[in-house]
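Survey of secondary and tertiary structure
For reference, the chains in residue letters:
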Amino acid sequence: MELVVHDSPGAVASAVSASVSQEINERATSDGTTFSLGLAGGSTPEATYRDLAGTQTEWRNVTAWLADERWVPQDSPRSNGLMAAQSLFDHVPGNLVRPEFSDEMEPDESAAAYGRFLRDLHLKTPPDLVLLGLGDDGHTASLFPGSRALDENQHRYVSNVIPETGEVRLTATYPLLNTARRVLFLVVGEAKAAALKASLAGATPAGRVGGSETKVEWHVDRHAASQLS
Ligand code: 6PG
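Below is a summary of the structure that appears in this document. This is a predicted model, so every value here is computed, not measured.

With that out of the way, let us pick up the overall build of the protein chain. Along the backbone of the protein chain there are six helices and ten strands. Here the C-alpha atoms of the protein chain give a radius of gyration of 16 Å, agreeing with the 17 Å that 2.2 N^0.38 yields for 229 residues. Nonlocal contacts in the protein chain, meaning residues at least 24 apart in sequence, comprise 76% of its contacts between residues at least 6 apart. Accessible area for the protein chain stands at about 10200 Å²; split by element, carbon and sulfur atoms hold 47% of it.

See the structure below:
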């Protein structure tokens, strides 16, 4: 596990953007195989995605997917997929695959279909790189404390309910996330300081991400790192 403390949220975004671009380009020049990129939702990663849109990156080899999604229409301003499209994938020739949503679908059905897509995407190789955020309660993706998805040990993608609010989400699970070659957490702001400290101790859902072969890196700003000794 690696922790990098940056001076500002902008420095976090720039550093993560450069690292993602470099890794995609290295893959493109080595064997040109599909690069599987998992995307964080929420607000923190948007600056990284906007920065990535301006980089010289070999997006044609990239298939991107969402580490989690809210159960909302694809054109909802709350949609993680819409945020990723508007900040990055509408501007580059990468392939962003988003979970289906319709009023006639059940969340479980959509999660199962997306799980089958992710199974097929990773038949031969695991996810290359997954970007994740951190909630102030220690959740990541939509793996919330006390939620059912934390105990999922088979399916790669499931529907989940936020215990406090009853909000329905779709989320990658540990069976998928913990096979990733590399996970980058992006964490900024004082509000995340306690959750970051607990996560680095493995005491939150976010802290449980990463298998024995996974390179886990935390890119945080000074405020989020304020409770670390
Ligand atoms: C979501 C995210 C979630 C997010 C954290 C941090 O759908 O909201 O996937 O896990 O990463 O809640 O959110 P912020 O970056 O907005 O603080």
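Attention now moves to the packing of aromatic side chains. Enumeration according to the criterion identifies five aromatic pairs in this entry. Ring plane angle 75° and centroid distance 5.6 Å describe the contact between Trp59 and Phe89, whose orientation is recorded as edge-to-face. Residue Trp59 is located in the loop between α2 (46-53) and β3 (62-66), and its partner Phe89 is located in helix α3 (residues 80-89); the two are separated by 30 residues in the primary sequence. One exposure class covers both Trp59 and Phe89, and it is buried.

It is worth spelling out the sheet that holds strand β4 (residues 68-70) at this point. Reading across from one edge, β4-β8-β7 is the order of the three strands in this open sheet, with antiparallel pairing throughout. Every interior strand has two partners, whereas the edge strands, β4 and β7 (157-161), have only one. Strand-to-strand, the axes of this sheet are offset by a mean angle of 25°, without reference to chain direction. Where β7 and strand β8 (residues 168-172) come together, five bridges link them in antiparallel fashion. Counted as the bridge partner of Tyr157 is Ala172 from β8. Running at roughly 150° to β7, helix α4 (residues 107-121) makes contact with β7 and β8 of the sheet.

The next thing to look at is the pairing of β7. β7 sits mainly inside the fold: four of its five residues count as buried. Between the antiparallel neighbours β7 and β8 lie six residues, among them Gly166 with a positive phi of about 80°.

Turning our attention to the site of the ligand. Looking at the ligand, there are 15 residues lining it, with Ser43, Thr44, Asp68, Ala141 and Lys192 nearest. Interatomic distance of 2.7 Å between a side-chain N/O atom of His139 and an oxygen atom of the ligand. Within the side chain of Lys192, an N or O atom sits 2.7 Å from an oxygen atom of the ligand. Classifying every residue of the shell around the ligand gives two nonpolar, nine polar and four charged.

Bringing the environment of Ser17 into the picture now. Structurally, Ser17 is set in helix α1 (residues 9-30). A relative accessible area of 1% places Ser17 in the buried class. C-alpha separation for the pair Ser17 and Val183, spaced 166 residues apart in sequence, amounts to 14 Å. Setting aside residues up to four positions removed in sequence, Ser17 forms contacts with Thr48, Asp51, Leu52 and Thr55.

This part takes up the pattern of salt bridges. Where charged atoms from two side chains of opposite charge approach closely, those side chains can pair. Here the structure, examined in full by the defined rule, presents twelve salt bridges. Residue Glu46 is joined to Arg50 by a salt bridge in which the shortest nitrogen-to-oxygen separation is 2.6 Å. In this pair, Glu46 and Arg50 both sit in helix α2, four residues apart, roughly one turn of the helix. Several salt bridges converge on common partners, so that one network encompasses Glu2, Glu23, Arg182, Lys215 and Glu217.

With that settled, the discussion passes to α3. Counting buried residues in α3 gives nine out of ten residues, a clear majority hidden from the surface. Of the positions making up α3, those classed as buried are Asn80, Gly81, Leu82, Met83, Ala84, Ala85, Ser87, Leu88 and Phe89. For α3, the N-terminal cap is Ser79; the gap from its side-chain oxygen to the backbone nitrogen of Gly81 is 3.2 Å.

Our focus in this paragraph is the packing of α2 against α3. One way to put it is that α2 packs onto α3 with a least axis distance of 8 Å and a crossing angle of 30°. Across the interface between the two elements, Glu46, Tyr49, Arg50, Leu52 and Ala53 of α2 pack against Met83, Ala84, Gln86, Ser87 and Leu88 of α3. Residues belonging to the contact of α2 with α3 are distributed by class as follows: six nonpolar, two polar and two charged.

The rules behind these values
- Residues numbered from 1 in each chain as written.
- Predicted model: local features only at pLDDT ≥ 70, side-chain atom pairs only at ≥ 80, totals over all residues.
- Heavy atoms only, no water.
- Helix = DSSP H or I, 4+ residues; strand = E, 2+ residues; numbered from the N terminus.
- Rg over C-alpha atoms; globule rule 2.2 N^0.38 Å.
- Contact = heavy atoms within 4.5 Å.
- Areas by Shrake-Rupley, 256 points an atom, 1.4 Å probe, with all protein chains shown as cover.
- Phe/Tyr/Trp six-rings, centres within 6.5 Å; stacked < 30°, edge-to-face > 60°.
- Buried < 20%, exposed > 50% of the residue type's maximum accessible area, 1.4 Å probe, protein only.
- Pairing = 2+ DSSP bridges.
- Axes fitted to C-alpha atoms, helices over the stretch in contact; angles between N-to-C directions.
- Near = heavy atom within 4 Å.
- Polar contact = N/O pair within 3.5 Å; in protein donor to acceptor, adjacent residues only side chain to side chain.
- Nonpolar A, V, L, I, M, F, W, Y, C, P; charged D, E, K, R; others polar.
- Salt bridge = Lys/Arg side-chain N within 4 Å of Asp/Glu carboxyl O.

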